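# Architecture and fold: a report
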There are 4 protein chains.
Amino acid sequence: MSRRCCFVINNRANYGRIKSALQAVADHPDLTLQLIVTSSALLYRFGNVKELIVQDGFSPSAVIYSTLEGETPSTMAKSTGLAIIELATQFEILQPDFVITVADRFESLATAIAASYMNIRLAHTQGGESTGSIDESVRHAVSKLSHLHFPATDRAAETLFRFGESRESVFRTGCPSIDVLRGLDLSVPEDIFRRYGGVGPELNPHLPYLVVVQHPVTTEYGLGREQIEETLKAIDALSMPAVWLWPNVDAGSDDISKRLREYRERSPSTRIHFFRNFSVEDYARLLNGCACLVGNSSSGLREAGFLGVPAVNIGSRQQGRERAGNVIDVPHDSVAIANAITRQLEHGQFSKSLLYGDGTAGRQIADILSTVDIPIQKRLTY
Amino acid sequence: MSRRCCFVINNRANYGRIKSALQAVADHPDLTLQLIVTSSALLYRFGNVKELIVQDGFSPSAVIYSTLEGETPSTMAKSTGLAIIELATQFEILQPDFVITVADRFESLATAIAASYMNIRLAHTQGGESTGSIDESVRHAVSKLSHLHFPATDRAAETLFRFGESRESVFRTGCPSIDVLRGLDLSVPEDIFRRYGGVGPELNPHLPYLVVVQHPVTTEYGLGREQIEETLKAIDALSMPAVWLWPNVDAGSDDISKRLREYRERSPSTRIHFFRNFSVEDYARLLNGCACLVGNSSSGLREAGFLGVPAVNIGSRQQGRERAGNVIDVPHDSVAIANAITRQLEHGQFSKSLLYGDGTAGRQIADILSTVDIPIQKRLTY
Amino acid sequence: MSRRCCFVINNRANYGRIKSALQAVADHPDLTLQLIVTSSALLYRFGNVKELIVQDGFSPSAVIYSTLEGETPSTMAKSTGLAIIELATQFEILQPDFVITVADRFESLATAIAASYMNIRLAHTQGGESTGSIDESVRHAVSKLSHLHFPATDRAAETLFRFGESRESVFRTGCPSIDVLRGLDLSVPEDIFRRYGGVGPELNPHLPYLVVVQHPVTTEYGLGREQIEETLKAIDALSMPAVWLWPNVDAGSDDISKRLREYRERSPSTRIHFFRNFSVEDYARLLNGCACLVGNSSSGLREAGFLGVPAVNIGSRQQGRERAGNVIDVPHDSVAIANAITRQLEHGQFSKSLLYGDGTAGRQIADILSTVDIPIQKRLTY
Amino acid sequence: MSRRCCFVINNRANYGRIKSALQAVADHPDLTLQLIVTSSALLYRFGNVKELIVQDGFSPSAVIYSTLEGETPSTMAKSTGLAIIELATQFEILQPDFVITVADRFESLATAIAASYMNIRLAHTQGGESTGSIDESVRHAVSKLSHLHFPATDRAAETLFRFGESRESVFRTGCPSIDVLRGLDLSVPEDIFRRYGGVGPELNPHLPYLVVVQHPVTTEYGLGREQIEETLKAIDALSMPAVWLWPNVDAGSDDISKRLREYRERSPSTRIHFFRNFSVEDYARLLNGCACLVGNSSSGLREAGFLGVPAVNIGSRQQGRERAGNVIDVPHDSVAIANAITRQLEHGQFSKSLLYGDGTAGRQIADILSTVDIPIQKRLTY
């Protein structure tokens, strides 16, 4: 009988990091794809990722609105609670054999809790990686609830063994985000900016441009405004076109968005264009074509590492995460940020790294899900 | 300024396992006790532990009804979600400096999530222990969200180090449940049974009796009825008075309760008396006075180990947990259970064990909370 | 195309009051029955009505656990909130053309809110009746949210017109609860008591017995214990066998249940037998066979009125509700209660009343649902 | 003892419609003001009304984030459910003697349900008025749950009597929104537009301008985009500066906002400036100074009626509501809208109307709350 594999997608980054596995499960003769789209993946403010998912040919089995608007620490907690309640309902209806949760978001944790209390085998990607923000704690907590692990790197797999996860449960598949980049025509389409709307001046994708993505750090809640200020100043000083993506839904997001909106309202003639979203493939093309990625998105380490694109990583959000040679780390300081960007522009392209995978993760994940036999009762291996 | 320490108590076992720490915090000049009573600790069916707490002189800062009735896997998940929503509200009001969560219940996890997303330092007792049931996964997930650990045993502390928790965050204090036993007059009061009502024949505390506590195992959901059947048969066969405590609120509890109620309704003349609850101290006396503890409660390993009381531990719920010499493990098999009880009755009292602590845990915990300085951003030590 | 009619059943009384309409919709060629079973209808403590529903041949489209245990005023409010959240999810999945909500419970209101905010036509039974308790306000609030009304009596229909409900929306069908009684073999089966378990002495259905059903009155919260005390005293004094049904899930239920349990634990040899539930038909037989119905259930006015069974109605819960000649109203006073029962025993059977319907309500409701055309935007007729 | 009066404010319109009563209660020697700010009143997207409230000198007793982002029919229902859960918690903490709920929003209903299930006396403003949208049903449902009514007009009071509300419970005080206008210096400040940010060209408050406010109609969900299109076309055709306020949080809001954002992104040089919010007083000044109010806000009927400002009311949202001579009603048709505006511009100022009150409502409400004695058990007066 076909095994039902239920993926829960909750935001922009999530989707790109699991899309190839969705496809591989959909294509697998012994697996049935179930797909729940939830949280900010449904919201216009955060780029309505659901539309991209549908355009890619997937049909959600269910959608769950679970985002309590406000972006404070307590709304994050409450959105987690609400997501558990709603996911439990859908899991009862869908009766999945496996639930797959991605990374370290509050919805990833909600997914893990609902599945594990309901005796559904839980699989997790990105386990064993280290970062800052509450994501760090959440990622490891999800690992402790998971029955199957698909870590991206060797070191991450090693970390999971140290946690006491069993050898039989850990599969170092690499990250599905890399799969998308392999074999993709990475040339930036002429009309890429026009297709995604957004606000700001028209950009020419064939002139050098920066990409900026800066999310709040929940454990530094309240500092978001001054942190984004430094980045804005640095970008402003560099006189270079920039593609800026709005921050995700974490606590503190509103502080960042407000500052960006004020900036935009006051400097309408700037070189910065703000976007809500790109398709997974277009984001890859955009990255590949950019002069430097700036901010604290993990794509500076994952996708940009694979592509050899220079990245300037700001602050603590990615602290501890493995990276290739393409990354310069800087604090929240406009001068340091601007200097690092300048250095990266001078350096140009880095060599490609396979640190986060060789582009076969999705297929490996599907194959494992189709055959693996794992007990519902977890045990430490110590 | 006095540090606000907020404890969340959610059931009968929880309270006994943390009571001495509550007292020590209340008594500490540099600490302010905050107390949230929630979940089954508020419910008549589960012994209304709140009443005991108030009788002990504590005043709850808040009470939270969070138990979605039904005792199924999905109601457990949903109760967890609801508890997060409600705890976040109370943490916003109470503004604690530390939240202390006990053990491995779904409310323990809800507490951990609400506190950690809200950037409140989280302390955890019983981390690093191993068991069966979903408690196993939940306990470790809570550890990964916690900033401070108060493990009960040396091995548990060692497990937390292996998890990558920092040396500065782990304090092997022993279990506060042992504190209650130290220096307590353990003689069983004449009227102990009369005071707690319950149903069944009157018992004489001075004749040999058994204590039975058997909870559902969530990862074996659906088997509760046949599991309790075996225990019932064994107890029935032994012709000895028994004090039987109703099971906790986990998924599957209803199956067990129903079977016990049917038994009671059909065999009203039996030697078994069913109770909802005892005060922490009276439960200690009851244990100390009994001929053998039967079931799958951790008190067979913790309190009974310290007291040297023989225990027969049934099934997988305590599998992997450290124990002294007082425990015989048996499967869900009436003959095996009855034989093991018989062996324990023949053996009688064991020597006392300090495995789970020397009776000073509460005081140690208060002292640490009053001085410890721990960053809100967690990092693995690897 | 077949119209999807979604009924929401949330407790024992609900089911009996709508069962014939469920059947008529299931049997109708132009209608598709959808059935959501929720709240106390799922709970063992309240008689697990879902089992009866399934035994009657209906298959629930969904079950929703929505009862926050505790039975306080605030848990009632919160259970209402939770039920709205869960019902909205199910309505999105089921896409009903009509939602049918019964009477005046907090789940009836939750159903009404979820349906009306979701632009689903809402039909309501028992609108326009008057009572005490919060049910009074809730019933009328539900009427103001409803697009279709199926009142039981002429006066109730008149009340709805006064409310400004349109002539086209109000259909005086009678109460479906009466349908069950028509043509039913009302002889009490020999084994009726044995089949339903319960606690207390064995009763002989062929000797005179009382039936007692007393629910809490939410607007008199806190008085439940003394109120039930008076009833207990009266029944005790009468030396007659009694079938006692546990109270429903309203705020204050626990006070009543606790007192009944204490009574039972202390007077095990009494003539009272406590039951959780009966099938709709067996409850009708039980009523028909009893010497007098005592308490504050509306079945004293509805079913007992139709059957001509004497009823003693205690307190304010049914105040204002239409009744036939079979009812004596008394306050919460043991002497008054006992005297009224004695008078009713002396009087014996009353003549049958068609006040609450002629037994065709279910069929009428189905016919109307199959053809009615009613706008989604409500307007007052004034 | 001082009576605790708890107001629940949930959006921009709400606050202006109750502010004078807040002030009067705060100033009353026998009353204590409690204030809960919730829902969109906390959100940046909807103008962060909480900031205005605080600037006005009120301190919220509690804030409740209850808006499930998405603005669909089901998120409205779920936000209602969530608000009930959270309000019940706060009512338990605040222990109000009266809860005051405003108008007909989903949060107004949530407030009504939480209060009435918790046996707290509920007072309601704007009861008895007629409109379209789900607001119509909700307003009347709230009236049926309320113990005290403060209707704005004589006809509204009459409607409440017809509903069966008792003479003792209905006080025709007028609408507090009128109080703000009385004695206010209505001259538009020079810097009014600069102070509120927003996007669009700078406007000169001393040249003729329109004010546009158009909310979704939930019972016409899905038509929002084409409806706003007609209004946009009409305004576009008129070549006149316009102050446009974003729509409220109802289902369908996102459709309207998206269309407005697209319009703005494509026609950056237009004469329209978009605002999130104004203080209650500045909104009054803005209205008073404008050439015509366009859209479907009730302020076209209430405040504009009192001020004699011409209004063009579009569609069904205000259908059935009492209005003075200042309003022309038109369907969603750009030509009809443009023609009506032109007619109103030609007409200019209307005479002032006292239909919605004489400016003393707030004081009256406070006085009544300080002395009224009303039973918790409601009864119909028929």
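What comes next is a walk through the structure. (Residues numbered from 1 in each chain as written. Chains lettered and ligands numbered in written order. Predicted model: local features only at pLDDT ≥ 70, side-chain atom pairs only at ≥ 80, totals over all residues. Heavy atoms only, no water.)

Moving on to the overall build of chain A. Each helix and strand in chain A was counted, giving 15 helices and twelve strands. Principal axes of the C-alpha set define a box for chain A whose edges measure 60 × 40 × 40 Å. Counting only carbon and sulfur atoms, one obtains 48% of the accessible surface of chain A, whose full area is about 11700 Å². Averaging the locations of the 38 positively and 43 negatively charged side chains of chain A gives two centres separated by 1 Å. (Helix = DSSP H or I, 4+ residues; strand = E, 2+ residues; numbered from the N terminus. Areas by Shrake-Rupley, 256 points an atom, 1.4 Å probe, with all protein chains shown as cover. Lys, Arg positive; Asp, Glu negative; His and termini not counted. Charge placed at Lys NZ, Arg CZ, Asp CG, Glu CD.)

In terms of backbone geometry, most residues other than glycine have negative phi values and most peptide bonds are trans. Positive phi values are uncommon outside glycine, yet Ser133 of chain A reaches one of about 65°. Turning to its location among the elements, Ser133 of chain A is positioned in helix α6 (residues 133-145). A positive phi is found at Ala103 of chain B, a non-glycine position, where the angle reads about 65°. In this structure, Ala103 of chain B sits in the loop between β4 (98-102) and α5 (106-117). For Ala103 of chain B, a relative accessible area of 5% gives the class buried. (Buried < 20%, exposed > 50% of the residue type's maximum accessible area, 1.4 Å probe, protein only.)

Here we take up the interface of chain B and chain D. Chain B puts six residues into the contact, and the matching count from chain D is six residues. A combined buried area of about 550 Å² lies between chain B and chain D, and 56% of that area is made up of carbon and sulfur atoms. Sorting the residues of chain B by area buried against chain D places Ile85, Glu86 and Thr89 of chain B first, and these three jointly supply 54% of that buried surface. Counting the contacts that link chain B with chain D gives zero salt bridges. For the pair chain B and chain D, the interface holds two residue pairs in polar contact (both at pLDDT 80 or more). Of the residues contributing to the side of chain B that touches chain D, the split by class is three nonpolar, two polar and one charged. (Contact = heavy atoms within 4.5 Å. Buried area = accessible area lost by both parts, 1.4 Å probe. Salt bridge = Lys/Arg side-chain N within 4 Å of Asp/Glu carboxyl O. Polar contact = N/O pair within 3.5 Å; in protein donor to acceptor, adjacent residues only side chain to side chain. Nonpolar A, V, L, I, M, F, W, Y, C, P; charged D, E, K, R; others polar.)

This brings us to the relation of the copies chain B and chain A. Superposing chain B onto chain A takes a rotation of 180° combined with a translation of 0.0 Å along the rotation axis, leaving an RMSD of 0.0 Å. The transformation just described matches what one would write down for a two-fold rotation axis. A share of 100% of interface residues in chain B that are also interface residues in chain A marks the association as one of identical surfaces. (Least-squares fit on C-alpha atoms with pLDDT ≥ 70 in both.)

Residues and elements named next belong to chain B. Tracing the backbone shows Asp250 in the loop between β8 (242-245) and α11 (253-266). At a separation of 2.7 Å, a polar atom in the side chain of Asp250 contacts the side chain of Arg105. Setting aside residues no more than four positions away along its own chain, Asp250 makes contact with Glu71, Met76, Arg105, Phe106, Asp135, Pro216 and Thr218.

Turning our eyes to something else, we now look at the relation of the copies chain B and chain D. Under the fitted operation, chain B is carried onto chain D by 0.0 Å of movement along the axis and a turn of 180°, and the coordinates agree to an RMSD of 0.0 Å. Most of the interface of chain B is mirrored in chain D: 100% of its interface residues are interface residues there too.

Here we come to the sheet that holds strand β8 (residues 242-245) of chain A. Residue and element names in this part refer to chain A. The strand order across the open sheet formed by six strands is β9-β8-β7-β10-β11-β12, and the pairing between neighbours is parallel. Where the open sheet ends on each side, the last strands, each with one partner, are β9 (272-275) and β12 (327-330). With direction set aside, neighbouring strand axes in the sheet form an average angle of 20°. Of the strand pairs in this sheet, strand β11 (residues 311-314) and β12 are connected by four bridges, and their pairing is parallel. (Pairing = 2+ DSSP bridges. Axes fitted to C-alpha atoms, helices over the stretch in contact; angles between N-to-C directions.)

Residues and elements named next belong to chain A. Burial runs high along strand β2 (residues 31-38): six of the eight residues are buried. By the bridge criterion, seven bridges tie strand β1 (residues 3-9) to β2 in an arrangement that is parallel. From the neighbouring strand, Val8 faces β2, where its bridge partner is Ile36. In this structure, β2 lies alongside strand β3 (residues 62-64), joined through three bridges in parallel fashion. If you follow Thr38 over to β3, its bridge partner there is Ile64.

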